[in-house]
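A closer look at the structure
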Amino acid sequence: MKLSTRELATIAVFGTLWGISEITLGSVLKSLNIPFSGAVLGAIGLTIALVGRVFVPQKGSTLFIGVIAMLLKLFSLSGVIISPMLGIFSEALVAEIVLSLAGTPRRFAFLLAGALGVIWTLLQPFVTGPLLFGRSLFVVWLDLLDTGSRLLGLSGSAVLWIVATMLAIYAFIGCVAGWLGWEVAGQLRTRLGRFQMEGLES
């Protein structure tokens, strides 16, 4: 994959935007104890990355945007940054796989990339917990059920309902991210096109 200087600069801009949103909004969302803050933060980052994909419709561009955002996370003031950094990379990787398989940017591919990317934020503890923090999968599973039971107001014994509802909520948030990414990119391209035309006319 060969990228022009303009495309590299565009990737850098969107990667920086994602990184800044992680550094600033991440701390705010956690301090406010907002429900589904991880899904919301992931959705914001993916929205930015998906907009960037429209402007650089090359395989690998979404992943590179995520890598830049991940590296910027190093400047975060929060204590634990390894897990969030891996989260950013993984979300970008999931979105990249979906978009690369889809080929030409399409609305449905954006919705799917957003949904799967945000769902990953729900599943990531099953990977990072054992590998980074020495937690067993059973403990991670119990944490998921406890969190779901508390947020949804369901009994801890309603395992199927908790898991299904959590997956549905995360998928919905991800679809919103995909839809926003597609719509915002379209609006930006239209406005930039008009700006360029006005510049030529003047």
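Residues numbered from 1 in each chain as written. Predicted model: local features only at pLDDT ≥ 70, side-chain atom pairs only at ≥ 80, totals over all residues. Heavy atoms only, no water.

**Quick notes on the nonpolar core**
- Among the nonpolar cores identified, the biggest contains 38 residues, and Trp18, Val118, Met166 and Tyr170 are the most heavily contacted of them.
- Breaking this core down by element, the ones donating at least two residues are helix H1 (5–32), helix H2 (37–55), helix H3 (61–72), helix H4 (82–102), helix H5 (107–123), helix H7 (137–152) and helix H8 (159–201).
- Ranked by residue count, the leading element in this core is H2, at eight residues.
- The contact partners of Trp18, leaving out residues within four places of it in the chain, are Gly45, Leu46, Ile48, Ala49, Ile65, Gly66, Ala69, Ile88, Glu91 and Ala92. (Core = buried A, V, L, I, M, F, W, Y, C linked by side-chain atoms within 4.5 Å. Buried < 20%, exposed > 50% of the residue type's maximum accessible area, 1.4 Å probe, protein only. Helix = DSSP H or I, 4+ residues; strand = E, 2+ residues; numbered from the N terminus. Contact = heavy atoms within 4.5 Å.)

**Focus: the packing of aromatic side chains**
- Per the counting criterion, the structure on display carries three aromatic pairs.
- Measuring from centroid to centroid gives 6.0 Å for Phe14 and Phe55, while their planes differ by 25°, and the two rings are stacked. Separated by 41 residues along the polypeptide, Phe14 in helix H1 and Phe55 in helix H2 bring together distant segments of the chain.
- Since its relative accessible area comes to 27%, Phe55 is described here as partly exposed.
- Seen from their ring centres, Phe110 and Trp182 are 5.2 Å apart, and the 85° between their planes marks the pair as edge-to-face. Here Phe110, found in helix H5, pairs with Trp182, found in helix H8; they are 72 residues apart in sequence, far enough to count as distant.
- Assessed through its relative accessible area of 24%, Trp182 is described here as partly exposed. (Phe/Tyr/Trp six-rings, centres within 6.5 Å; stacked < 30°, edge-to-face > 60°.)

**Observations concerning the side chain of Thr128**
- With respect to the secondary-structure elements, Thr128 resides in helix H6 (residues 125–133).
- A relative accessible area of 7% means that Thr128 is categorised as buried.
- In this view, Thr128 contacts Ser83, Leu86 and Phe133; residues no more than four positions away in its chain are not counted.

**What to know about unusual backbone geometry**
- Phi is positive for Phe36, close to 60°, though the residue is something other than glycine.
- Tracing the chain through its elements places Phe36 in the loop between H1 and H2.

**Side note on the pattern of salt bridges**
- The tally for this structure, following the rule as stated, stands at four salt bridges.
- One salt bridge in this structure joins Lys73 and Glu22, with 3.9 Å as the shortest N-O distance. Of this pair, Lys73 sits in the loop between H3 and H4 while Glu22 is found in helix H1, placing the two residues 51 residues apart along the sequence.
- Notably, a salt bridge pairs Asp143 with Arg135, separated by 2.0 Å at the nearest N-O pair.
- Asp143 sits in the partly exposed class, given a relative accessible area of 32%. (Salt bridge = Lys/Arg side-chain N within 4 Å of Asp/Glu carboxyl O.)

**Re a nonpolar patch on the surface**
- Together, Phe172, Val176, Trp179, Leu180, Val184, Leu188 and Leu192 make up an exposed nonpolar region whose accessible area comes to about 600 Å².
- Tracing the backbone through its elements, the reader meets Val176 in helix H8.
- Note on Val176: relative accessible area 32%, which makes it partly exposed. (Patch = residues over 30% accessible without salt bridge, like charges linked within 9 Å, V, L, I, M, F, W, Y side chains within 5 Å. Areas by Shrake-Rupley, 256 points an atom, 1.4 Å probe, with all protein chains shown as cover.)

**Re the packing of H1 against H3**
- One way to put it is that H1 packs onto H3 with a least axis distance of 7 Å and a crossing angle of 45°. Between H1 and H3, the angle is such that the two are oblique. Handedness of the H1/H3 crossing: right-handed. For the pair H1 and H3, contact is made by Ile11, Ala12, Phe14, Gly15, Thr16, Trp18, Gly19 and Ile23 and by Ser61, Phe64, Ile65, Gly66, Ile68, Ala69 and Leu72, respectively.
- Among the residues making up the contact of H1 with H3, the classes are represented as ten nonpolar, five polar and no charged. (Axes fitted to C-alpha atoms, helices over the stretch in contact; angles between N-to-C directions. Parallel < 35°, antiparallel > 145°, perpendicular 65-115°, else oblique. Left-handed = near helix turned anticlockwise from the far one by under 90°. Nonpolar A, V, L, I, M, F, W, Y, C, P; charged D, E, K, R; others polar.)

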